[in-house]
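# Topology and contacts: notes
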Amino acid sequence: MADDNKKLLEEQKKNCPFCKIVSGETKSKKVYEDQHLFCVLDIKPGNEGHILIIPKKHVPVSPLLEDEVLANASLVIKNLSNKLLKAFKVQGTSLFLANGGVAGQMMPHSVFHLIPRSKGDSVNLNPVFKKFDVSEEREKLKKVLGQ
Amino acid sequence: MNKDDIIVDDEDITVLCPSEAIVKGMITIIPNKKYLIMEEVDDNLLIKMFQVANKLCGSLFEALKCEGTNILIQNGVSAGQTLPSFSINIIPRYSNDGLDLSWVGKNASPQSLEENVELIHNIDKREKEEALELQKKEELESLPDEEEADDYLTKSMKRLP
């Protein structure tokens, strides 16, 4: 990573609300912790039981997370989702991650949201599917993926 | 699933750019072996799907020059799952795409947060205890009634010559 970017990242970390949760500077309701992840209840949940899965390493977007962290996160998310289904007696869970402000990212620290879902609740993560002509997009993606 | 939708696949997963999507250019990853929900997915397969999904966020930036990405898992019908299989969606985002993926956060009281931490921590233990209670109750209910037993004995004695 270029030196300028490293300096920017360090500045970001100093003021990052999620880094303060991970360090304990900000109190939180922890549901799980391991070497890579710090998982807490969201204090302003979309639904009761809404969990934030916070990578301890400060990265602004998820493509900068190492594979090892993703591996860990996937199994922790699976386990916590199972607990949420049982604990809150719901029929589904949503997992949401935003990279970039246009995608809904509020803080410059990559975070997964795991939200218990009930039919007709007010969480707007059930978008409508539409038909598109994606022949051009498919070709571009195949090219990037070397297909 | 339309074969034309496939952009890459291997022995474990298929990566699609489906024509029916949330946003043009959305990618969906599905396991080749069908699992209905995330909780059923084999651990190693789930790890692979997450790692590939994350890499594809970068691929979307490169291929479609989008301005952001979302990873969205709709796990279960009430979460909006429409496919008969667990899947991971990677959504390219643009400033004028008109897509709203959000929620209004409600303030949670310290007491409710504390109660929910306990609930989540103890749910597995509580489930086992409830199962044990139910088992004991069923065993008790299957035992013959005392009065019936006496009546049976009395009846048996009456049959003696």
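Residues numbered from 1 in each chain as written. Chains lettered and ligands numbered in written order. Predicted model: local features only at pLDDT ≥ 70, side-chain atom pairs only at ≥ 80, totals over all residues. Heavy atoms only, no water.

### Re the sheet that holds strand 1 (residues 30-33) of chain A
In a beta sheet, neighbouring strands pair by backbone hydrogen bonds and run either parallel or antiparallel. Judged by pairing direction, the sheet is antiparallel, and its 10 strands sit side by side in the order 1(A)-2(A)-3(A)-5(A)-4(A)-5(B)-6(B)-4(B)-2(B)-1(B) without closing on themselves. In this open sheet, the two edge strands, each paired with only one partner strand, are strand 1 of chain A together with strand 1 (6-9) of chain B. Strand-to-strand twist in this sheet, taken as the mean axis angle between neighbours without regard to direction, amounts to 20°. Pairing analysis gives five bridges linking strand 5 (residues 68-75) of chain B to strand 6 (residues 88-93) of chain B, with the strands arranged antiparallel. Residue pairing in the sheet places B:T69 in a bridge with B:P92 of strand 6 of chain B. Together, strand 1, strand 2 (37-41) and strand 3 (51-55) of chain A form the strand contacts of helix 2 (residues 110-142) of chain B, whose direction differs from that of strand 1 of chain A by roughly 45°. (Pairing = 2+ DSSP bridges. Helix = DSSP H or I, 4+ residues; strand = E, 2+ residues; numbered from the N terminus. Axes fitted to C-alpha atoms, helices over the stretch in contact; angles between N-to-C directions. Contact = heavy atoms within 4.5 Å.)

### Comments concerning the pairing of strand 5 of chain B
For strand 5 of chain B, a buried count of eight out of eight residues is recorded, marking the element as mostly surrounded by other parts of the structure. Burial along strand 5 of chain B is two-sided: the face carrying B:G68, B:N70, B:L72 and B:Q74 and the face carrying B:T69, B:I71, B:I73 and B:N75 are both buried. (Buried < 20%, exposed > 50% of the residue type's maximum accessible area, 1.4 Å probe, protein only.)

### Overview of the interface of chain A and chain B
Taken together, the 70 residues of chain A in the interface contact 74 residues of chain B. Carbon and sulfur atoms supply 61% of the area buried between chain A and chain B, which totals about 6400 Å² over both sides. A salt bridge links A:K131 to B:E20, with the nearest nitrogen and oxygen atoms 3.5 Å apart. Between the two partners, chain A and chain B, sit 36 residue pairs in polar contact (both at pLDDT 80 or more). Per-class residue counts for the side of chain A that touches chain B are 33 nonpolar, 19 polar and 18 charged. Summarising the sheet, strand 4 (residues 92-99) of chain A and strand 5 of chain B pair through seven bridges and their orientation is antiparallel. Each bridged residue has a counterpart across the sheet, and for A:T93 the counterpart in strand 5 of chain B is B:N75. (Buried area = accessible area lost by both parts, 1.4 Å probe. Salt bridge = Lys/Arg side-chain N within 4 Å of Asp/Glu carboxyl O. Polar contact = N/O pair within 3.5 Å; in protein donor to acceptor, adjacent residues only side chain to side chain. Nonpolar A, V, L, I, M, F, W, Y, C, P; charged D, E, K, R; others polar.)

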